[in-house]
Amino acid sequence: MDQNELKKQVAKAALEYVEVGTIVGVGTGSTANYFIDALADIKGKLEGTVASSVASADRLRGHGIPVMDLNAAGELSIYVDGADESTKHLHLIKGGGGALTREKIVAGAAKKFICIADESKLVDVLGAFPLPIEVIPMARSFVAREMTKRGGTPVLRENFTTDNGNLILDIHNLKIMDPVSLEHELNDIPGIVTVGIFAIRPADVLLLGTKDGVKTLT
C-alpha cells in the first residue's frame, strides 16, 4: 500500500468523527485534500466548513461543500488536518504547505483536533522536518538571527508568500526535545506570526495510516 493509499485510508476514517449538522474545520495539504474529497460523500449532513487556506476553500467549494468565515461560524465541532511530523504525545510540526497560521487558528477554535497522517510522519523527536515559521517581512533577518542563536539553520522559502501576505522561514537542524517550551519561547520573538510547533494545543486524536490498517493514538 503506497503513501497515497494510506492517506486516503485515514481521511475516510476521520469521517467517523464528523457529527451531523455541525461545522467542520478543514486543514491544508495532500492528506487534508483526501479528507475534503471524502467529505463530499456526506456533504448533505454538514452545516458547513471553515477552511484553513484559500486552496482548501476552493477545493471544498468545488465539491459543492459550503465554506464559512470563522467569525460567523463560532466554535467548531472538530478540526481535521495532516501533519509533517507527530510524536506519540501528539505534538506536531505543521506548515509544510505554508498555511500554519490559519491552521493554528482553526485548530484553536475547534473542540477536538483530529490529525490524520501516514505512519512515516510518526517520530520520536520533532525537528528532522524543517520547522516552518511565518514572519512579518521586515522581521525576516532578525528572526533568522534569533533562530541561529538557538542552533537552527534558517532558510527563506523562495518565491512563497502566505495567504496572510507574509514570509516563511524553514528552520533546519533543530532537535526539539521540549516542544511546549520552545513554542512558548518562539511566540515571544517580535516579528514571528506563528511557529509551526503545535504542542501548546496538540492534536486530540492521531489517526495513523499503516499497512495493517488505521491506528488511533490519543
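Quantities reported herein were computed from a predicted structural model and do not represent experimental measurements.

Thresholds applied
Residues numbered from 1 in each chain as written. Predicted model: local features only at pLDDT ≥ 70, side-chain atom pairs only at ≥ 80, totals over all residues. Heavy atoms only, no water. Helix = DSSP H or I, 4+ residues; strand = E, 2+ residues; numbered from the N terminus. Buried < 20%, exposed > 50% of the residue type's maximum accessible area, 1.4 Å probe, protein only. Contact = heavy atoms within 4.5 Å. Areas by Shrake-Rupley, 256 points an atom, 1.4 Å probe, with all protein chains shown as cover. Lys, Arg positive; Asp, Glu negative; His and termini not counted. Charge placed at Lys NZ, Arg CZ, Asp CG, Glu CD. Pairing = 2+ DSSP bridges. Axes fitted to C-alpha atoms, helices over the stretch in contact; angles between N-to-C directions. Arc of directions from axis to C-beta. Core = buried A, V, L, I, M, F, W, Y, C linked by side-chain atoms within 4.5 Å.

Undergrad: Describe the overall build of the protein chain, naming the residues involved and giving the relevant values.
TA: When you go through the protein chain residue by residue, the secondary structure sums to seven helices and 13 strands. The C-alpha extent of the protein chain, read off along each of the three principal axes, is 50 × 40 × 30 Å. Taking all 218 residues of the protein chain together, the buried fraction comes to 52%. In the protein chain, of all internal contacts separated by at least 6 residues, the share reaching a separation of at least 24 is 72%. Summed over all atoms, the accessible surface of the protein chain reaches about 9800 Å², with 50% contributed by carbon and sulfur. Across the protein chain, the centroid of the 23 positively charged side chains sits 1 Å from that of the 28 negatively charged ones.

Undergrad: I'd love a proper account of the sheet that holds strand β6 (residues 110–118), names of residues and values included.
TA: Read across the open sheet, the six strands follow the order β2-β1-β3-β6-β12-β13; overall the sheet is mixed. Each having just a single partner strand, β2 (48–51) and β13 (213–217) make up the two edges of the open sheet. Between one strand and the next, the sheet's axes are offset by a mean angle of 20°, whatever the strand orientation. Looking at chain direction, strand β12 (residues 205–210) and β13 are connected through five bridges and run antiparallel.

Undergrad: Would you mind going over helix α6 (residues 140–149) in detail, with residue names and values included?
TA: Every buried residue belonging to α6 is among Val143, Ala144, Glu146 and Met147, and all of these are buried. Taken around the axis of α6, the buried residues stretch over an arc of 160°, which confines them to a single face. For α6, the exposed residues set more than 90 degrees away from the buried face come down to Arg145 and Lys149. On its buried face, α6 sits against β7 (131–135), β8 (153–156), β9 (167–172), α7 (179–187) and β10 (192–195). Once α6 ends, the next one or two residues include Gly151, with phi positive near 90°.

Undergrad: A description of the nonpolar core should follow, citing residues and the corresponding values.
TA: Val18, Phe35, Leu39, Ile116 and Leu207 are the most contacted members of the largest nonpolar core, which has 25 residues in total. Listing elements by their share of this core, those giving two or more residues are α1 (3–14), β1 (23–26), α2 (30–39), α3 (54–62), β3 (76–81), β6 and β12. Not counting the four nearest positions on each side in its chain, Ile116 is found in contact with Val10, Ala11, Ala14, Thr31, Phe35, Val80, Asp81, Gly82, Ala83 and Leu207. Within the second largest apolar cluster, 21 residues are counted, among which are Ala139, Leu174, Leu186 and Ile189.

In short, shape yes, function no, at least from these values alone.
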